[in-house]
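# Results of the structural survey
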Amino acid sequence: MTEIEWWDYDSADEMACAVAQDAQFIIESAIDARGNAVVALPGGKTPLPIYDRLAEAKLDWKRVTIIPTDDRLVAMGDPLSNVTALAKQFMPKGARVLPITSEAAADYKAAGRAADARLRDVHWPLDLCLLGVGADGHTASIFRGPDFDEAVAGPRERRAVGVMPDPLPPEAPVARVTLTAHAIGLSRALMIAVSGQAKRDVIEAAIKKGAASPYPIGRVLADVELPVDIHWSA
């Protein structure tokens, strides 16, 4: 397993400031080195304060491409759409926000193939991938279910797949498209931001078990070779 470093904070606000500062540095470094930056950002409530602070950064946003780490198969503008939330935050700054899916789709496997094809036009590897982790140990939309093995151990050239969580989360009972574990692991920088003791316990248990972990985050981290920073607040 890769080197993992925990960063602990007394509050979610303190964590948000620190993660935003780190993300700003990574993006600035990528722009200086390659002329542009490509980052993947998660949905959910935990990263919203991070995005508020990152959006205030004085970056050359026109050189920044943002994709969601995963998205639900819903129409653009739907409250469940991760890319819609990212677009509202960062497009006014001048960033390019690229959807990996943009509509409700009955065939989630086909949606995954379409997302993978769309990401072929994006500079790879990612300069930064920021992940969240659910209470059940999922990360991005890599859930336990019929598509789990494809998401964590499918063809290594595949960047995105369609997935159907089992069971479906009651707050968002729809199929998803997600970056694969391998696509995540190729990132030049990988950070995790989570809050709450329960999620910390899940991540620590997942790290301990490694590739044998029943938690998706354990399987993802087991194949990562670069150092990982885990930012946590109570």
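Residues numbered from 1 in each chain as written. Predicted model: local features only at pLDDT ≥ 70, side-chain atom pairs only at ≥ 80, totals over all residues. Heavy atoms only, no water.

## So, the nonpolar core
Nonpolar side chains in soluble globular proteins tend to end up buried together. Inclusion rule: The criterion is simple. A nonpolar core is a set of buried Ala, Val, Leu, Ile, Met, Phe, Trp, Tyr and Cys residues joined through side-chain atoms within 4.5 Å. Relative accessibility thresholds used throughout: buried, under 20% of the residue-type maximum; exposed, over 50%; partly exposed, between the two (1.4 Å probe, protein chains only). For helices the rule is a DSSP run of H or I covering at least 4 residues; for strands it is a run of E covering at least 2, with both sets numbered from the N terminus onward. Contacts: residue pairs with any heavy atoms within 4.5 Å of one another.
If you look at the biggest cluster of nonpolar residues, it comprises 43 residues, and the most contacted ones within it are Ile 184 and Ile 192. When residues in this core are grouped by element, the largest group, four residues, is from helix H4 (residues 108-119). Setting aside residues no more than four positions away along its own chain, Ile 184 makes contact with Cys 129, Leu 131, Ala 140, Ile 142, Leu 179, Leu 190 and Val 220.

## Thoughts on the environment of Asp 10
Residue position: Asp 10 is located in the loop between strand E1 (4-9) and helix H1 (12-34). Classification of Asp 10 as exposed rests on a relative accessible area of 75%. The spatial distance from the C-alpha of Asp 10 to the C-alpha of Ala 20 is 16 Å, given a sequence separation of 10 residues.

## A look at the sheet that holds strand E7 (residues 160-163)
Heads up, the condition is: When DSSP finds two or more bridges between a pair of strands, those strands are recorded as paired. To get an axis, a line is fitted to the C-alpha atoms, and for a helix only the part in contact is used. The angle between two axes follows their N-to-C directions and goes from 0 to 180 degrees.
The strand order E4-E8-E7 describes an open sheet built from three strands, whose pairing is antiparallel. The sheet is open, and its two edges are formed by strand E4 (70-72) and E7, each paired on a single side. Across this sheet, the average inter-strand angle for adjacent strands is 15 degrees, counted without regard to direction. Direction of pairing for E7 relative to strand E8 (residues 176-179): antiparallel, over a ladder of four bridges. Bridge pairing links Gly 162 to Val 177 in E8.

## Observations concerning the sheet that holds strand E3 (residues 64-68)
If you walk across this open sheet you meet the seven strands as E1-E10-E9-E6-E2-E3-E5, and the pairing is parallel. A single partner strand is all that each edge strand has here, and the edge strands are E1 and strand E5 (96-97). Here two bridges tie strand E2 (residues 37-41) to strand E6 (residues 128-131), and the two strands are oriented parallel to one another. When the bridges of E6 are listed, Val 39 appears paired with Leu 128. This element, helix H3 (residues 82-90), spans E2, E3 and E5 of the sheet and lies at about 155 degrees to E3.

## Quick look at H4
Each α-helix turn comprises 3.6 residues. Residues three or four places apart therefore point the same way. For the record, the criterion: By this rule, a helix spans an expected 1.5 Å times one less than how many residues it contains. For this quantity, the arc is that covered by the directions from the helix axis to the C-beta atoms. Identification of polar contacts relies on pairs of N or O atoms within 3.5 Å, with a donor-acceptor requirement for protein atoms, meaning one able to donate a hydrogen and the other able to accept it, and with residues adjacent in sequence counted only if both atoms are side-chain atoms.
With 12 residues, H4 should reach 16 Å at 1.5 Å per residue; the first-to-last C-alpha distance of 16 Å fits that figure. Buried within H4 are the following residues: Tyr 108, Ala 111, Gly 112, Ala 115, Asp 116 and Leu 119. Angular distribution of buried residues about the axis of H4 spans 140 degrees; they occupy a single face of the element. Lining the buried residues of H4 we find E3, E7 and E8. For H4, the capping residue at the N-terminal end is Asp 107, with a side-chain oxygen 3.2 Å from the backbone nitrogen of Lys 109.

## Some points on the pattern of salt bridges
For the record, the criterion: In the sections that follow, a salt bridge refers to a side-chain nitrogen of Lys or Arg positioned within 4 Å of a carboxyl oxygen of Asp or Glu.
Counted according to the given criterion, the structure contains 10 salt bridges. Arg 120 is the salt-bridge partner of Asp 116, the closest N and O atoms lying 3.2 Å from each other. We classify Asp 116 as buried; its relative accessible area is 14%. You can call Arg 120 partly exposed: its relative accessible area is 38%. In this structure, Arg 188 and Asp 127 form a salt bridge, with 3.2 Å as the shortest nitrogen-oxygen distance. Of this pair, Arg 188 sits in the loop between helix H6 (181-185) and strand E9 (190-195) while Asp 127 sits in the loop between H4 and E6, placing them 61 residues apart in sequence. Judged by relative accessible area, Asp 127 falls into the buried class, the value being 2%. It is possible to trace a salt-bridge network through shared partners that takes in Lys 109, Asp 147, Glu 150 and Arg 158.

## A short note on the packing of aromatic side chains
The geometry of an aromatic ring pair is captured by two quantities: the separation of the ring centres and the angle between the planes. To be explicit about the condition: Stacked, edge-to-face and tilted are the three classes for Phe, Tyr and Trp ring pairs, Trp counted by its six-membered ring, which pair at centre distances within 6.5 Å; planes under 30 degrees apart are stacked, over 60 edge-to-face, the rest tilted.
Counting across every chain of the model gives two aromatic pairs. Between Tyr 51 and Phe 90 the ring centres are 5.7 Å apart and the planes differ by 70 degrees, which places this aromatic pair in the edge-to-face class. Of this pair, Tyr 51 sits in helix H2 (residues 48-54) while Phe 90 sits in helix H3, and the two are 39 residues apart along the sequence. The exposure class assigned to Phe 90 is buried, which follows from its relative accessible area of 0%. Summarising the aromatic geometry, the rings of Trp 61 and Phe 90 are spaced 5.5 Å apart at their centres and angled 35 degrees between planes, so their arrangement reads as tilted. One end of the pair, Trp 61, is in the loop between H2 and E3; the other, Phe 90, is in helix H3, with 29 residues separating them in the sequence. Judged by relative accessible area, which is 4%, Trp 61 ranks as buried.

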